[in-house]
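# Inside the fold
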Amino acid sequence: MCRPEREPTCPRSDAAVNGEDPDVGVDTDARCCAVDVSDGSAPVRWCSIDWERAGSDIRGIQSRIAKAARNGNTRRVRMLQDMLLTSYHGRCMAVRTVTTGPWGDVPGGDGEVWSSPADMDRAVDALGVRTHLDGSTAGCPGNRSGGGGIRVPTMHDRALQELHAMAWRPVMEASADPCSFGFREGRCVRDAVEVFRGILRGSGQDTEVVIMRLGSMDDGTAWSWLSDNRGVDPTLLGEMARRGQLFGRSMFPHTPGTVGLGGLSPVLANMALDGMEGMLSMLGVRMVRYADMVAAVTDGSIPSAAVSEASAIFLGGRGLCILGSESFQLMDGFDFLGFTFRKHRGRLTVQPSDGSVDAVCSEIKRIASCSAASTQGDLIRRVNRVIMGWGTYYSSVPHTVASRRLDHHVHITINRWAARRHPQKGVSWVRDRYWHIIDGRRVFSDGEHELMRASDTLRREHTPVRTRSDPYSDPWYFRQRDGRTDGATDVEWTLYGLPAATAPRNGVASGPSRMR
């Protein structure tokens, strides 16, 4: 059902056919075409893949897996997972995810890097033949610790982990707790904060909040529980363990008491943690979980120690434990996910925590100290990225006081940076050299780039996600949240439960949003 398209759709291949420069207009993430396909040795099959169709095919199988998992049809789930694992488009998407990621240019123990269409085409075929991990790793030169440093899995191992993660994410979403938000598609920190704010808004002054940090997935117990209750192949767990974990540009080594499954690790961790919300709800406790951080809200009728003890018993049966637990009174305030929550005189206030402001101030100070020889424009671009990221993270809550504090620290740091560059010059000369009047105010600018202020970040109300929806049972809802309502293909309209002939021209649908 998943065959490559005959017509080339790759920008480099089209440019090569037309005799144009293959590097013009090609996005930097299009690593699948790292070499010119006009070379006769490079296959055209990889560059002729229709990625839109491939994504639709994979999403269709995943929706069927989620539906079967919700119905408790384990046999059908296993059959559909095997279909996805052996499909051509599934293997292609796994290879593409690995090669375009931040670790796509880092080799493993075999020294292999997939940088050309020929390499990626061979990797796709290898995923269909070599269904087991190589087991070979290589030390990461940028991270040395203990005996031999951190070990990086091979490209084949990473692609195989991503392929299995695509098959298990629908099962995880089908049994996920409504108020769990970490490592789930279509959910973010702002969703967790808004849902948590709604829980606290209707609570009283005597409300207690228990903040727990989970961890230490015991190898044997967790594996046996996942195998017995979720149907995960124990052979897969045994092969993929002790390989280390890759998240972003950070490599986390395997340590005793943890499961290092790379991209599959957060999926299995969520599956092991699901059910905790239902257990606490029977005690009259509401909770919000983001990754390994849990906030349980009780009205005071149940002691906080009882909540921690019940959670520890629940997690202990699944090979997990609680690393730390603290209880707070809502009227005294507490920090969760970088936000400070406090209820005073019946009014709930949510704002950036002091620790988050101190962390971003330290990062800006580090950037300035490392940019002694950099130009003014380079410094502005690096600092602006940090300020923009901080402002976007806290754009859904009032952040005026924290923004002014951050702007004051940035002003002091930039002044020290400019003064160190010209120790023989006076204050007025340095100010006229780096600060210019723009729109009636003095701004740190080089004429092309301008230093932004955190206080200029506008507040944007965030609508929380429907806690009982997931991208596989209600895909059209998540597509609307992402603003991707235009240009839906006929395959996607059928997937969303709408006939292709009745698909509206303007991209707005009025029919049902579930798969047939």
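From a predicted model like this one, the values you see are computed outputs, not experimental measurements.

Analysis parameters
- Residues numbered from 1 in each chain as written.
- Predicted model: local features only at pLDDT ≥ 70, side-chain atom pairs only at ≥ 80, totals over all residues.
- Heavy atoms only, no water.
- Phe/Tyr/Trp six-rings, centres within 6.5 Å; stacked < 30°, edge-to-face > 60°.
- Buried < 20%, exposed > 50% of the residue type's maximum accessible area, 1.4 Å probe, protein only.
- Lys NZ or Arg CZ within 6 Å of the ring centre and 35° of its normal.
- Core = buried A, V, L, I, M, F, W, Y, C linked by side-chain atoms within 4.5 Å.
- Helix = DSSP H or I, 4+ residues; strand = E, 2+ residues; numbered from the N terminus.
- Contact = heavy atoms within 4.5 Å.
- Pairing = 2+ DSSP bridges.
- Axes fitted to C-alpha atoms, helices over the stretch in contact; angles between N-to-C directions.

### Overview of the packing of aromatic side chains
Tallying each qualifying case throughout the model produces 15 aromatic pairs. Ring geometry for Phe334 against Phe341: centres 5.6 Å apart, planes inclined by 20°, an arrangement best described as stacked. Exposure class is identical for Phe334 and Phe341. Each is buried. Linked through ring pairs, Phe196, Phe328, Phe334, Phe336 and Phe341 together constitute an aromatic cluster. Above the face of the Trp51 ring, Arg96 is positioned so that its terminal group lies 4.4 Å from the ring centre.

### Concerning the nonpolar core
Judged by nonpolar contacts, the single largest core of 61 residues is most densely connected at Trp46, Val95, Met271, Met276, Leu280 and Ala296. Of all the elements, helix 6 (residues 155-174) adds the most residues to this core, at 10 residues. Once you skip the residues sitting within four places of it in the chain, Leu280 turns out to touch Val285, Met287, Ala296, Val307 and Ser311. Counting 51 residues, the second-largest nonpolar core is a separate cluster that includes Cys179, Val209, Ala418 and Val465.

### Some points on the sheet that holds strand 10 (residues 339-344)
Pairing is antiparallel in the open sheet, where 3 strands are placed in the order 9-10-11. Looking at which strands have only one partner, the edges of the open sheet turn out to be strand 9 (334-336) and strand 11 (347-352). For this sheet, the mean inter-axis angle between neighbouring strands, taken without regard to orientation, is 30°. For strand 10 and strand 11, the ladder comprises 6 bridges, and the chain directions are antiparallel. Bridge assignment links Thr340 to a residue of strand 11, and that residue is Gln351. Across the sheet, helix 7 (residues 189-201) is in contact with strand 9, strand 10 and strand 11; its angle to strand 10 comes to roughly 15°.

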